[in-house]
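Below are the chains, spelled out letter by letter.
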Amino acid sequence: MNTHHLISANRLDDGAVVWLDDRHEWVAALEQACAFDDERIGHARLTADRAVATNLVVAPTPRAAHLVDGLPVPVDYRERLRSRGPSVRTDLGKQAAGAAVPGALRQRPVVPAEVSHAGIYRYDPSEREFLKHRAQEFGQQVARRLSGELNEEEFKVYRLMNGLYLQLHGYMLRVAIPYGTLSAIQLRQLAHVARTYDKGYGHFTTRQNLQFNWPQLSDAPEILSVLADADLHCIQTSGNCIRNVTTDHFAGAAADEVVDPRVHAEILRQWSTDHPEFTYLPRKFKIAITGSPQDRAAVRFHDIGILARKNERGEVGFQIYAGGGLGRTPIVGTKVRDWLPERELLRYVEAILRVYNTLGRRDNIYKARIKILVRELKPAKFIAMIEDEFAALPADRQYLEPEIAEAIHARFVEPSFEALPATSAEYEAARAADADFKQWVRSNTHPHRVPGYISAVVSLKPAGGIPGDISADEMERIADLAQTHSLNEIRVSHEQNLVLPHVRLSELYAVWQALREAGLATSNIGLISDSIACPGMDYCSLATARSVPVAQRIALHFDKDRQREIGELKLNVSGCINACAHHHVAHIGILGLDKGGKESYQIALGGSADEDAAIGTILGPSVSYDSVPAVIDSIVNIYLKTRLDNERFIDTYRRVGIGAFKEALHDAH
């Protein structure tokens, strides 16, 4: 079979995939593309270069192809996916193009300037002006790009600073949800953006952010302005800077919480935003903080992980980890300080960053993260360098004085909790009468710090669904429930679910009924179908395999009764070695690979992201896409035969080791 060449690119304005046809025009349908032979490909490349120079397309690339029945078929699997749109969203493939809302219908919602009845951080006028200015500034940069004043490489810096990526099928805009806290008004604003400027949905990520996968470049500045109306932004959701600071999704509500970490997360956000020294680090930099003894924020797998504590005198302080991370080289962070007084927080974080910024590798992207620096220096030397830098900071440098912490705390309006009894007759009666509700309570709720309240987790993983995806209608439904039943607050979990943090026990049954009516009452939190999955090769230009279809097939493989028999089991699926789905720290982690142009999946067992942090161990050779559900089923069967009493999967694994599960791969090769 003779090999020909396609030339594919992304259109500049909307990022859509296009191909060059035999008339040297750009077409959006692969079947209309020309498969150029060796004699014609040179002239086609010149045409593609001219299209770049005239601002029609971005990154035209020759792709090997075969002719099958006279039609071009890309050799590369990724290119075949690009030709039809995401395999997991057939409703959003090429046939859904052109679904943008007409300009006449793009009326912005009226957003109240103050949301005093929601316990979120309140922006002041200067902060709102800053966000509006950023949107206007980016509008100027977009105009320069569209006019050709900026080429793609020059513009890339600006778009990434504003959270705008160019992926397989188009642009992706990543919205920051600082420490995963939203108001009902903000979630409605995100729904408006999804419906007006995208294709009606968004995707929550492990960084507690929201991604829109189909915005147009020319609309991006207006989207930023619309987001700013509701105190939302996309600042530092990309680039080699300090990314969104994440925390526990029950922050401010959890019964076991010692310190509300959102206050210090907000302080870190303000301190790090457009920081003149740390805007261009060797590589992206991630911080997580939790205020509970149980680590629900995976702090030990961050560049800096912070555990807020109180000492015997009731003083707030921090245990600090550094050099953790996943990706190509997964490493558990090193504890660099057992106790750091609150007043020293920003100074100590600055000291860590200064050491990293000075010594971090900028010549090798694979060795640029702080975890590699810690490994190469050795932890003892790294800690000594931090302490030396910390001691050398000017005496007046950025102390977190009590009045600063108190001022930020005051900007978080305390929710208007009622004095309620610790139990509710209505709640107990509903649990006794409705087995489905009882099961949902068991898996999808968490104890609250205030008597008479409870936190409810809204699963975004229905059977066969796309983990983290949420429609505009669903956003509005949840916003309505938050307004009526959760004091106007929502949390985003790094596990790609949402939380209604402050629900009265007496109203929980009504909340569950409303969620069930909306198709949002899946009772699977912590079970095998509650998978974390990155977008994978259905969207991401870095991915080497699909991830979402794997999670979907596994979820459908285990029915509800089987999942409950299995019990707690965390299963995560990443589409490449960058590990955006945290597969390294799942009880069962799955990594998608490209083996000779075919999707292949490596399975690891025994990972943990909590206070018993551990990296999973690879089970053996990778398996085919078709084999994955059966292999997972075999692993589960071995666990069920081996466990003692109601022992969790992770505890059984730790007791018997990886060898007991090797036979699960026997029939996969």
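Residues numbered from 1 in each chain as written. Predicted model: local features only at pLDDT ≥ 70, side-chain atom pairs only at ≥ 80, totals over all residues. Heavy atoms only, no water.

Novice: Quick question: what am I supposed to make of the overall build of the chain here?
Specialist: Broken down by element type, the chain carries 19 helices and 26 strands. Whereas a compact globule of 669 residues would reach a radius of gyration of roughly 26 Å, the chain reaches 25 Å, a difference of no more than 12%. Burial status across the chain gives 59% buried among its 669 residues. Accessible surface, the chain: about 26,200 Å² in total, of which carbon and sulfur atoms supply 51%. A distance of 3 Å separates the average location of the 77 positive side-chain charges in the chain from that of its 85 negative side-chain charges. (Helix = DSSP H or I, 4+ residues; strand = E, 2+ residues; numbered from the N terminus. Rg over C-alpha atoms; globule rule 2.2 N^0.38 Å. Buried < 20%, exposed > 50% of the residue type's maximum accessible area, 1.4 Å probe, protein only. Areas by Shrake-Rupley, 256 points an atom, 1.4 Å probe, with all protein chains shown as cover. Lys, Arg positive; Asp, Glu negative; His and termini not counted. Charge placed at Lys NZ, Arg CZ, Asp CG, Glu CD.)

Novice: When you look at the pattern of salt bridges in this model, what are you seeing that I'm missing?
Specialist: Any two side chains of opposite charge can pair if their charged atoms end up close together. The final tally for this structure, using the stated rule, is 46 salt bridges. In this structure, D480 engages R188 in a salt bridge whose closest nitrogen and oxygen atoms are separated by 2.9 Å. Residue D480 is located in helix α14 (residues 472-485), and its partner R188 is located in helix α5 (residues 184-197); the two are separated by 292 residues in the primary sequence. By relative accessible area, D480 is classed as partly exposed at 37%. R188 sits in the partly exposed class, given a relative accessible area of 24%. Notably, a salt bridge pairs E266 with R269, separated by 2.6 Å at the nearest N-O pair. Taken together, the residues span about one helical turn, with E266 and R269 both in helix α7 (residues 262-272) at a distance of three residues. Neither residue differs from the other here; E266 and R269 are each classed as buried. (Salt bridge = Lys/Arg side-chain N within 4 Å of Asp/Glu carboxyl O.)

Novice: Help me understand a positive patch on the surface, please; the structure alone is not making it clear to me.
Specialist: Taken together, the side chains of K438, R442, K560 and R564 make up a positively charged region of the molecular surface. Of all the elements in the fold, those that place two or more residues in the positive patch are α13 (435-444) and α17 (560-566). If you trace the backbone, K560 turns up in helix α17. (Patch = residues over 30% accessible without salt bridge, like charges linked within 9 Å, V, L, I, M, F, W, Y side chains within 5 Å.)

Novice: It is not clear to me how the layout of surface pockets should be interpreted in this structure. Could you clarify?
Specialist: Think of a ball as big as a water molecule: rolled over the atoms, this probe shows where empty space is left. Each pocket or cavity is described by its volume, and for the second largest pocket that value is around 940 Å³. Surrounding the second largest pocket, 41 residues form its lining, Q294, E495, G526, E568 and K570 being those nearest its centre. Looking at the lining of the second largest pocket, the elements with two or more residues in it are α13, β16 (445-447), β22 (571-574) and α19 (649-656). The greatest single-element share of the lining of the second largest pocket, amounting to three residues, is contributed by α13. Taken together, the residues of the lining of the second largest pocket sort by class into 13 nonpolar, 16 polar and 12 charged. (1 Å grid on protein atoms, 1.4 Å probe; cavity = no way out; pocket = protein on both sides within 12 Å on 5 of 7 lines; lining within 4 Å. Points joined across faces, edges and corners; volume = space filled by probe spheres on them. Nonpolar A, V, L, I, M, F, W, Y, C, P; charged D, E, K, R; others polar.)

Novice: Just checking my understanding: could you explain the sheet that holds strand β7 (residues 171-175) for this structure?
Specialist: Whether parallel or antiparallel, the strands of a sheet pair through hydrogen bonds between backbone atoms. Taken together, the five strands give an open sheet; going across it, the order is β6-β7-β10-β9-β18, and neighbouring strands pair in antiparallel fashion. At either margin of the open sheet sits one strand with a lone partner, and together these are β6 (164-166) and β18 (469-471). Averaged over all neighbouring strand pairs, the angle between strand axes comes to 30°, with direction disregarded. For β6 and β7, the ladder comprises three bridges, and the chain directions are antiparallel. Across the sheet, the residue bridging to L164 is L173, located in β7. (Pairing = 2+ DSSP bridges. Axes fitted to C-alpha atoms, helices over the stretch in contact; angles between N-to-C directions.)

Novice: Any chance you could explain the pairing of strand β1 (residues 4-11) here in plain terms?
Specialist: Looking along a regular strand, one sees the side chains alternate between the two faces of the sheet. Burial analysis of β1 places six of its eight residues in the buried class, the great majority of the element. Direction of pairing for β1 relative to strand β4 (residues 57-68): antiparallel, over a ladder of seven bridges. Across the sheet, the residue bridging to I7 is P62, located in β4. The pairing of β1 with strand β2 (residues 17-20) spans three bridges and is classified as antiparallel. The partner of A9 across the bridge, within β2, is V18.

Novice: Would you mind showing me how to read the packing of α14 against helix α15 (residues 508-517) here?
Specialist: Between two packed helices, the angle of one axis relative to the other and the distance separating the axes together describe the packing. The geometry of α14 relative to α15 is characterised by a closest axis approach of 11 Å and an angle of 170° between their N-to-C directions. The orientation of α14 relative to α15 falls into the category roughly antiparallel. On α15, the residues touching R477, L481 and H485 of α14 are V511, A514, L515 and E517. (Parallel < 35°, antiparallel > 145°, perpendicular 65-115°, else oblique. Contact = heavy atoms within 4.5 Å.)

Novice: What am I meant to see in helix α1 (residues 38-53) here?
Specialist: Count 3.6 residues to each turn of an α-helix, and residues three or four apart come out pointing the same way. Taking 1.5 Å of rise per residue, the 16 residues of α1 would be expected to cover 22 Å, and the 24 Å separating its terminal C-alpha atoms lies within 8% of that figure. Taken residue by residue, α1 has I41, A44, T47, A48 and A51 as its buried positions. Down the axis of α1, the buried set is contained in an arc of 120°. They therefore lie on one face. Across α1 from its buried face, at more than 90 degrees, point the exposed residues E39 and A53. Lining the buried residues of α1 we find β1, β2, β3 (26-27) and β4. Note on α1: the residue one or two positions beyond its end, N55, has a positive phi of about 65°. (Expected span 1.5 Å × (residues − 1). Arc of directions from axis to C-beta.)

Novice: Please explain the sheet that holds β1 as it appears in this structure.
Specialist: An order of β3-β2-β1-β4-β5 is seen for the five strands of this open sheet, with the pairing classed as antiparallel. Of all the strands in the sheet, just β3 and β5 (71-74) have a single pairing partner and so form its edges. Pairing of β2 with β3, which is carried by two bridges, proceeds in the antiparallel orientation. Its bridge partner lying in β3, L20 is registered against W26.

Novice: Mind showing me how you'd approach helix α16 (residues 548-557) here?
Specialist: Of all 10 residues that make up α16, seven are buried, and the element is covered over most of its length. Contacts from the buried residues of α16 go to β21 (532-533), α17, β22, β23 (588-595), β24 (598-605) and α18 (628-642).

Novice: What exactly am I supposed to notice about the side chain of H264 here?
Specialist: In this structure, H264 sits in helix α7. Residue class for H264 comes out buried when judged on its relative accessible area of 4%. A distance of 2.7 Å separates polar atoms of two side chains, one belonging to H264 and the other to E342. (Polar contact = N/O pair within 3.5 Å; in protein donor to acceptor, adjacent residues only side chain to side chain.)

Novice: It is not clear to me how the packing of aromatic side chains should be interpreted in this structure. Could you clarify?
Specialist: Given two aromatic rings, their pairing is described by the distance between the two centres and the angle made by the two planes. Under the definition given, this model contains 18 aromatic pairs. Relative to Y123, the ring of Y121 lies with its centre 5.6 Å away and its plane at 70°, an arrangement referred to as edge-to-face. Judged on exposure class, the residue Y121 and its partner Y123 are both buried. Centre to centre, the rings of F417 and Y453 are 5.1 Å apart; their planes meet at 75°, and the pair counts as edge-to-face. Remark: Y453 occurs in strand β17 (residues 453-458) and F417 occurs in the loop between α11 (402-410) and α12 (425-433); sequence separation between them is 36 residues. Connected via pairs of aromatic rings, a cluster forms that spans Y427, F437, W440, Y509 and W512. R343 extends its terminal NZ or CZ atom over the ring of Y399, reaching a point 3.9 Å from the ring centre. Here the basic side chain of R347 rests over the ring of Y399, its NZ or CZ set 4.1 Å away from the ring centre. (Phe/Tyr/Trp six-rings, centres within 6.5 Å; stacked < 30°, edge-to-face > 60°. Lys NZ or Arg CZ within 6 Å of the ring centre and 35° of its normal.)

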